[in-house]
Amino acid sequence: MLAQKLILGYGTTVVMQIVQIIASIVVARIAGPTVLGTVAFGLAFVSTFEFIADLGIGPAHVKLVSEGRDLGSCISTFSVLKTVNTSIFFIVVVFILLFQRYVLNITFESAAHGYVIILFLIAITINQLLLIPGTTFAAKTEQAKQSIPEFVRTFIYQVLRVTIVLLGYKAVALAFGNLLATILVIPVILYLFRGYPRTKFDKKLAMAYLRISVPVLFIGIATKVMHNIDKVMLQHFTNSEQLGYYTASYRIGSVVFMMATSVGMLFLPLFSKATAEGNLEYINSTIDKFERFTLIFVMPLVIFLSLYADVIVKLVLGNQYLPSIPLMAIINIAMFLMVLNIPYGNVITGMGFFRLFAVLSMVHLAVFVLLICMLPNPLLFGLGITGGAFTLLFSSVFAGILYRIYAKQKCRLLNLASNLKYIVFGVINFVGFAYLYGWLSALYGLTFKILFVPGYFVITYGVLLLLGWIEKRDLDALKMLFNLKKLGTYVKGELGNSNE
């Protein structure tokens with residue numbers, strides 16, 4: 001059922017992102033970039049410290065459960081550790097807010113920024129506690145139980161977002177809508193978590209969590225800080241309006257990023273189990289299948305979205321978001337590279353080399369922070385929000401090279417060059433069509449841009465077919481994506497059991 005798990009993770013994530021994009025279009029058009037930037041800053045400010053609520057015990061829980069430790073003991077011990085960490089996270093953020101306001105005398109751009117931060121702090125605190133069942137589902141690779149609650153929460157929040165902006169409310173109300181959606185999904189998660197065994201807190205098991213969590217802690221810090229510090233720094237170097245342009249383009253590109261997150265959560269326990277069984281060939285074949293499918297069927301779409309950014313932004317967001325056009329092109333590619341990087345990072349962690357990956361993550365973070373402090377900085381490169389987009393791109397390339405080098409060292413069976421020809425094809429495809437698009441758009445305008453949509457895909461896949469680079473197995477994988485009967489059977493089977 002691996003294919004169904006991957007498809008469900010991919011599929012529900014894409015559907016959720018489509019729903020979010022539709023809602024974001026309405027919000028962006030009606031509320032404007034300043035409101036969008038205010039909400040993005042509030043969420044990023046709180047989320048930057050979110051690693052405190054985990055401190056590495058989430059991945060430790062996935063690893064220990066996937067290795068076959070007693071599930072009841074793991075759940076009970078993890079629950080206590082998670083509750084303590086989440087409480088510390090809440091206290092730390094409140095302290096930082098008070099210290100900044102009353103000791104450093106630093107205020108935000110507006111009062112709304114402060115209220116948005118508080119509402120997001122409450123919502124994220126609740127969501128962190130809900131990760132007790134959520135992480136258990138991930139450890140058991142129960143993709144349906146992971147995906148359904150998040151889909152419900154996302155759907156409720158997007159409906160609330162649209163309703164809120166149509167009623168004329170702004171940033172604070174949008175943050176409250178997020179909190180309300182988080183509260184409403186609690187019964188769904190508790191229902192899916194029914195019947196799972198609980199025992200009591202196990203001190204020895206807690207020490208096992210802590211041993212694994214120490215290096216993983218630094219991985220969590222790097223991940224959370226990199227995912228949020230760009231918005232915080234761009235707010236500092238520019239303003240809420242500019243951050244709104246960045247957020248709008250980031251939202252579209254995040255469709256690809258969310259795929260990476262979903263797939264990564266599935267790969268970790270699978271690779272951990274394969275390593276314990278000494279089945280390294282499984283790791284190599286799984287990565288090859290995922291990478292090949294992504295490069296053949298996802299990469300052309302990403303390239304198209306990047307080339308067609310001017311039309312998409314004008315059509316979808318309107319002329320008020322014209323500064324988002326170059327950002328969208330860059331961010332889409334950066335997010336796609338993150339997708340390709342995820343399996344190689346999970347090879348390292350899945351094989352138990354958490355300390356190594358922690359070091360690599362901190363090096364990656366150092367490069368990211370250096371870039372985000374230099375490229376947008378008006379006193380240095382002065383690229384503003386474009387500098388934020390380039391930070392994502394350059395750091396993704398750096399991380400990809402780094403992860404592949406060390407993944408190959410730890411798993412010699414990995415064939416890094418097996419799909420290299422598709423990457424080369426993608427680069428040539430992008431450069432060639434970028435030149436043609438710019439040249440012919442200037443000559444023929446709207447007529448060419450309309451014809452470009454079918455023309456790009458016909459030419460791209462026509463060349464791949466002529467080269468013989470699309471095989472029957474690739475088409476079979478694509479057919480499986482639309483095999484709703486098998487997917488439905490998998491979902492029913494998983495939801496029919498409270499604990500497999």
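Here is what the cut-offs are and how they apply
Residues numbered from 1 in each chain as written. Predicted model: local features only at pLDDT ≥ 70, side-chain atom pairs only at ≥ 80, totals over all residues. Heavy atoms only, no water. Axes fitted to C-alpha atoms, helices over the stretch in contact; angles between N-to-C directions. Helix = DSSP H or I, 4+ residues; strand = E, 2+ residues; numbered from the N terminus. Parallel < 35°, antiparallel > 145°, perpendicular 65-115°, else oblique. Left-handed = near helix turned anticlockwise from the far one by under 90°. Contact = heavy atoms within 4.5 Å. Nonpolar A, V, L, I, M, F, W, Y, C, P; charged D, E, K, R; others polar. Core = buried A, V, L, I, M, F, W, Y, C linked by side-chain atoms within 4.5 Å. Buried < 20%, exposed > 50% of the residue type's maximum accessible area, 1.4 Å probe, protein only. Salt bridge = Lys/Arg side-chain N within 4 Å of Asp/Glu carboxyl O. Phe/Tyr/Trp six-rings, centres within 6.5 Å; stacked < 30°, edge-to-face > 60°. Lys NZ or Arg CZ within 6 Å of the ring centre and 35° of its normal. 1 Å grid on protein atoms, 1.4 Å probe; cavity = no way out; pocket = protein on both sides within 12 Å on 5 of 7 lines; lining within 4 Å. Points joined across faces, edges and corners; volume = space filled by probe spheres on them. Patch = residues over 30% accessible without salt bridge, like charges linked within 9 Å, V, L, I, M, F, W, Y side chains within 5 Å. Areas by Shrake-Rupley, 256 points an atom, 1.4 Å probe, with all protein chains shown as cover.

**A short note on the packing of helix 3 (residues 57-66) against helix 5 (residues 111-139)**
Point 1. Where helix 3 contacts helix 5, the two axes come as close as 8 Å, and the packing angle between them is 45 degrees. By the angle class used here, helix 3 and helix 5 are oblique. Taken as a pair, helix 3 and helix 5 cross one another with a handedness that is right-handed. Between helix 3 and helix 5, the residues in contact are Gly 58, His 61, Val 62, Val 65 and Ser 66 and Thr 135, Thr 136, Ala 138 and Ala 139, respectively.
Point 2. Its residues placed into classes, the contact of helix 3 with helix 5 shows four nonpolar, five polar and no charged.

**Some thoughts on the nonpolar core**
Point 1. Ranked by internal contacts, the top residues of the largest apolar core, which has 92 residues, are Phe 89, Tyr 246, Tyr 321, Ile 331, Leu 392 and Phe 452.
Point 2. A total of eleven residues in this core trace back to one element, the largest contributor, which is helix 13 (residues 325-350).
Point 3. For Tyr 321, the contacting residues outside a window of four places in its chain are Ala 28, Gly 32, Pro 33, Leu 36, Gly 244, Tyr 245, Ala 248 and Val 313.

**Describing the pattern of salt bridges**
Point 1. Counted according to the given criterion, the structure contains seven salt bridges.
Point 2. Measuring nitrogen to oxygen at the nearest pair gives 3.7 Å for the salt bridge that ties Lys 82 to Asp 54. With a gap of 28 residues between them, Lys 82 in helix 4 (residues 71-102) and Asp 54 in the loop between helix 2 (33-47) and helix 3 connect regions that are remote in the sequence.
Point 3. By relative accessible area, Lys 82 is classed as buried at 1%.
Point 4. Between Glu 291 and Arg 404 there is a salt bridge; the shortest N-O distance is 3.8 Å. In this pair, Glu 291 is assigned in helix 11 (residues 280-307) and Arg 404 in helix 15 (residues 384-410), connecting sequence segments 113 residues apart.

**Points about the packing of aromatic side chains**
Point 1. Scanning the model with the defined rule gives 31 aromatic pairs in all.
Point 2. A ring pair is formed by Phe 390 and Phe 394, whose centres lie 5.4 Å apart and whose planes are at 20 degrees; its orientation type is stacked. On the criterion of helical spacing, the pair formed by Phe 390 and Phe 394 is a turn pair, its members being four residues apart in helix 15.
Point 3. Taking relative accessible area as the criterion, Phe 390 reaches 27% and is therefore assigned partly exposed.
Point 4. Taken together through their ring pairs, the aromatic side chains of Phe 304, Tyr 308, Phe 433, Tyr 437, Phe 448, Phe 452, Tyr 456 and Phe 457 make up a single cluster.
Point 5. Positioned above the aromatic ring of Tyr 191 is the side chain of Arg 194, whose terminal nitrogen or guanidinium carbon lies 4.1 Å from the ring centre.
Point 6. It is Lys 231 that lies over the ring of Tyr 250; its NZ or CZ is 3.6 Å from the centre.

**A short note on the layout of surface pockets**
Point 1. Here the second largest pocket defines a volume of roughly 640 Å³.
Point 2. Contributing to the lining of the second largest pocket are 25 residues, with Phe 336, Leu 337, Leu 340, Ile 423 and Val 427 lying nearest its centre.
Point 3. Breaking the lining of the second largest pocket down by element, the ones donating at least two residues are helix 11, helix 13, helix 15 and helix 16 (420-466).
Point 4. In the lining of the second largest pocket, the residues fall into 18 nonpolar, five polar and two charged.

**Re a nonpolar patch on the surface**
Point 1. Taken together, Phe 95, Leu 98, Phe 99, Tyr 102, Val 103, Leu 104 and Ile 106 make up a surface patch of nonpolar side chains, about 750 Å² in accessible area.
Point 2. Its place among the elements puts Leu 98 in helix 4.

**Digging into unusual backbone geometry**
With the exception of glycine, most residues fall at negative phi, and the peptide bonds are largely trans.
Point 1. Look at Leu 55: it is not a glycine, yet its phi comes out positive at around 55 degrees.
Point 2. The residue Leu 55 is located in the loop between helix 2 and helix 3 in this model.
Point 3. The exposure class of Leu 55 is partly exposed, given its relative accessible area of 27%.

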